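Here are the chains, one letter per residue:
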Amino acid sequence: MKTRIGMRRWLTALLAVPLVAVIAAVTPGSASAEGDGDGDGDGRNRDHWGVITRNTIGSPVADLRNGPFGSFGVTGPQARPPYGQGSLGIHVAVISGTTPFAEKVDFGNEVDFFGKPVSGLTRVGFHVFQTGENISYGGAANLPGIRFEIDPNLAANATTYSSLVWVPAALPSTSTNRWSPFIDATQNGTWFLTGAAGTVTGCNLTTQCSFADVKTRLDADGGDPATIYTAAVGKGRDFMWIGAVDGLRINENLYDFEPSGVRTRRTP
Ligand SMILES: [Ca+2]
Ligand SMILES: [Ca+2]
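Residues numbered from 1 in each chain as written. Chains lettered and ligands numbered in written order. Predicted model: local features only at pLDDT ≥ 70, side-chain atom pairs only at ≥ 80, totals over all residues. Heavy atoms only, no water.

Hey, could you go over the coordination of the calcium ion (ligand 2) for me, with residue numbers and the actual values?
Bound to the calcium ion (ligand 2) on the protein side are N153 (O), D221 (OD), D221 (OD), G222 (O) and D224 (O), at distances that span 2.3 to 3.0 Å. By relative accessible area, which is 23% here, N153 ends up partly exposed. (Donors = N, O, S within 2.8 Å, 3.2 Å for Na, K, Ca; no water. Buried < 20%, exposed > 50% of the residue type's maximum accessible area, 1.4 Å probe, protein only.)

Before we move on, could you go through the pairing of strand β3 (residues 86-92) and cite the residues and values that matter?
Burial analysis of β3 places six of its seven residues in the buried class, the great majority of the element. As paired elements, strand β2 (residues 61-66) and β3 share six bridges and run antiparallel to each other. From the neighbouring strand, L64 faces β3, where its bridge partner is L88. Pairing between β3 and strand β14 (residues 241-250): five bridges, direction antiparallel. Bridged to L88 within β14 is V245. (Helix = DSSP H or I, 4+ residues; strand = E, 2+ residues; numbered from the N terminus. Pairing = 2+ DSSP bridges.)

Let's hear about the coordination of the calcium ion (ligand 1): which residues, and what values?
Protein coordination of the calcium ion (ligand 1) is provided by Y83 (O), G86 (O), D246 (OD), D246 (OD), D256 (OD), F257 (O) and E258 (OE), with donor distances spanning 2.2 to 2.8 Å. Written as a sequence motif, the donor arrangement for the calcium ion (ligand 1) is Y-x2-G-x159-D-x9-D-F-E. Judged on exposure class, the residue F257 and its partner E258 are both buried.

Can you explain the state of the cysteines? Please cite residues and give values.
Here a disulfide denotes a covalent bond joining the sulfur atom of one cysteine to the sulfur atom of another. What the rule picks out here adds up to one disulfide. For C203, the disulfide goes to C209, at an S-S distance of 2.0 Å. Between C203 and C209, the S-S dihedral sits near -95 degrees, and the bridge is therefore left-handed. For the pair C203 and C209, one class covers both residues: buried. (Disulfide = S-S within 2.5 Å.)

An account of the sheet that holds strand β12 (residues 190-193) is needed here, citing residue identities and associated values.
Within a beta sheet, neighbouring strands are joined by backbone hydrogen bonds and run either parallel or antiparallel to one another. With antiparallel pairing, six strands are arranged side by side in an open sheet as β1-β6-β13-β8-β9-β12. Edge positions in the open sheet fall to β1 (49-51) and β12, since each of these has one partner strand only. Across the sheet, the mean angle separating the axes of adjacent strands is 25 degrees when strand polarity is ignored. Taken together, the five bridges between strand β8 (residues 145-151) and strand β9 (residues 162-167) define a ladder with antiparallel strand orientation. What sits directly across from E149, in β9, is S163. Along the sheet, helix α5 (residues 211-218) makes contact with β8, β9 and β12, crossing β12 at roughly 25 degrees. (Axes fitted to C-alpha atoms, helices over the stretch in contact; angles between N-to-C directions. Contact = heavy atoms within 4.5 Å.)

I'd like a rundown of a nonpolar patch on the surface, residues and numbers included.
A cluster of nonpolar side chains, namely Y137, F239 and I242, defines an oily patch on the protein surface of about 240 Å² accessible area. Structurally, the position occupied by I242 is in strand β14. Residue classification places I242 among the partly exposed residues on the basis of a relative accessible area of 33%. (Patch = residues over 30% accessible without salt bridge, like charges linked within 9 Å, V, L, I, M, F, W, Y side chains within 5 Å. Areas by Shrake-Rupley, 256 points an atom, 1.4 Å probe, with all protein chains shown as cover. Salt bridge = Lys/Arg side-chain N within 4 Å of Asp/Glu carboxyl O.)

How would you explain unusual backbone geometry if you had to name every residue and give the values?
Working note: non-glycine residues mostly have negative phi, and peptide bonds are mostly trans. Across the junction of G67 and P68, the peptide omega takes the value 0 degrees, indicating a cis bond. With respect to the helices and strands, the residue P68 is situated in the loop between β2 and β3. Across the junction of G70 and S71, the peptide omega takes the value 5 degrees, indicating a cis bond. With respect to the secondary-structure elements, S71 resides in the loop between β2 and β3. One non-glycine residue with positive phi stands out, namely N153, at about 50 degrees. Tracing the backbone through its elements, the reader meets N153 in the loop between β8 and β9. In this model, N251 sits at a positive phi of 55 degrees, which is unusual for a non-glycine residue. Assignment of secondary structure puts N251 in the loop between β14 and β15 (253-258). Judged by its relative accessible area of 16%, N251 is buried.

A description of the side chain of D246 should follow, citing residues and the corresponding values.
You can see D246 is positioned in strand β14. Within the structure, the side chain of D246 is placed 2.9 Å from the backbone nitrogen of F257, a separation counted as a polar contact. Setting aside chain neighbours within four positions, we find D246 in contact with P81, P82, Y83, G86, S87, F126, H127, W179, Y255, D256 and F257. (Polar contact = N/O pair within 3.5 Å; in protein donor to acceptor, adjacent residues only side chain to side chain.)

Requested: an account of the nonpolar core, with residues and values cited.
Counting 42 residues, the largest nonpolar core has F126, F148, W191 and L248 as the members making the most contacts within it. Take this core: its biggest share by element is four residues, from β14. When sequence neighbours within four positions are dropped, the list of residues in contact with W191 reads V124, I146, F148, L164, V165, W166, A185, Q208, C209, S210, F211 and V214. (Core = buried A, V, L, I, M, F, W, Y, C linked by side-chain atoms within 4.5 Å.)

Shape descriptors only; they carry no functional weight alone.
Rendered as structure tokens:
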């Protein structure tokens, strides 16, 4: 008898433990359901980054990867991703022929910047891993850029869509085959607007503007200010490029591309 009672108590205890755990996991307001505070209860930060399907042409690669470390023989901080262990690897091909076919990719975020004013963009930039091969494909300025899809809200034109594009300047040769220092897109290179917004503002593919100038011209008409739809790191359609980007800066946030996802680091 003693043995049987002991066994029953032991069984009851065994069954009770997982039940308590299950109840805690599904009860709203419990610590487990709240998790990291994003409400999905999975206990992990959800990020909204990924390939923007609408803006991707061909079958390019935009992959959260380990490294790159190197190139071989390079040592010190420029031989590893500037943040964490990994980065966003980008591979864009151009298929040569009488009519060359160039791929395009945008890896971005269609949620977190939506509706914010373009005038509020004060800090933009990234670190890039450039190779000698990429320079042979398209020159020293063959690099990925940063693109914001926006509603220009221009009184002169009814269009509700334009891309605000950063075109980086050529990287110094000291930054080839290794990680670059931070490239400040508000100071480096030029910016332009696609479509009717480019025509109205005069900041278009043929006459590009400084970052400060394109922001001023966008809101010079008064009325509703230009607002952001999406933000992305992108490449194409121009030259083949195989490299990586890390430490994307947009205002107070620094986006650390890692194999496990995009980590948001808040900085002063
Ligand atoms: Ca990283
Ligand atoms: Ca306006």
